[in-house]
Structure formats: structure tokens, C-alpha cells
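A look at the structure
Next come the chains, spelled out residue by residue.
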Amino acid sequence: MLAQLLPALERALDAFFAGGFAAIRGRYEPHCALVGRAVLVDMSNGAGPKEQATALGLADDGALLVAPADGGPPRRVESGDVWLAP
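Residues numbered from 1 in each chain as written. Predicted model: local features only at pLDDT ≥ 70, side-chain atom pairs only at ≥ 80, totals over all residues. Heavy atoms only, no water.

1. Some details on the pattern of salt bridges
Once their charged atoms are close, side chains differing in charge can pair, the charge on each being opposite to the other. Our working definition: Definition used for salt bridges: Asp or Glu carboxyl oxygen within 4 Å of a side-chain nitrogen of Lys or Arg. Per the convention used, a helix needs a DSSP run of H or I reaching at least four residues, while a strand needs a run of E reaching at least two, with both numbered from the N terminus. For every residue, the accessible area obtained with a 1.4 Å probe (protein chains only) is divided by the maximum for its type, and the residue is called buried under 20%, exposed over 50%, and partly exposed between those limits.
The full count for this structure, using the stated rule, is five salt bridges. Put simply, Glu51 and Arg75 hold a salt bridge, and the shortest N to O gap is 2.4 Å. Here the residue Glu51 occupies a position in strand β2 (residues 51-58), and Arg75 occupies one in strand β4 (residues 75-77), the gap between them amounting to 24 residues. For Arg75, a relative accessible area of 32% corresponds to the partly exposed category. Between Asp61 and Arg76 there is a salt bridge, and its shortest N-O distance comes to 2.4 Å. Highlighted residues: Asp61 in the loop between β2 and β3 (64-68) and Arg76 in strand β4, separated in sequence by 15 residues. Judged by its relative accessible area of 35%, Arg76 is partly exposed. Via salt bridges that share partners, Arg25, Glu29 and Asp60 belong to a single interconnected network.

2. Let's talk about the sheet that holds β4
To keep it simple, the criterion reads: Whether two strands pair comes down to DSSP finding at least two bridges between them. For helices, the fitted line uses only the C-alpha atoms of the stretch in contact; every axis is such a line through C-alpha atoms, and the angle between N-to-C directions lies from 0 to 180 degrees.
With antiparallel pairing, the five strands of this open sheet are ordered in space as β4-β3-β2-β1-β5. Both outer strands of the open sheet, β4 and β5 (81-84), are each paired with one neighbouring strand and no more. Between one strand and the next, the sheet's axes are offset by a mean angle of 45°, whatever the strand orientation. By the bridge criterion, five bridges tie β2 to β3 in an arrangement that is antiparallel. Along β3, the bridge assignment pairs Gly57 with Leu65.

In C-alpha cells, the structure reads:
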């Protein structure tokens, strides 16, 4: 199994180093457990309330794109804590 995994990992890393996250996004995003689901987002290091949103997908740089539950414009989550909403 390792003999098959390592060459595949090497190809993915080569693509990432050559083109950044955008080069591997199409293979990664379908397996992201957050996309399309309700989430709670905390970008305040625990100092503020958690924002309810729906995870829309991933940006070319790897940021999580969310649509706030209050109907505001989509936002980028570059850093913070994200949980699946209950």
C-alpha cells in the first residue's frame, strides 16, 4: 500500500509546489467534510461569538469560503476555528 501511496503523494506535492493550492484544489475540495454544510466560525480566538454560516467551498489559496446565516455577503476564513454546526 505504501508503494502506491508515496508516488501519488509525490505527484500531488509536485503539483502543489508548481502551482500552489489552486493546482490541487479540484482533487481536494470534493473530499472536504465542511463544504455544503452548516458550520460555526470563530475568528476571534474565543473572545467573541461564533458565527453561523454555510461552507461554500475553498478559494484558490486554500481559504474557506462561507455564506453567513444572516444573509450577508460570502466571507473568507483564512484563520480561525470552524466546527460543524449541531
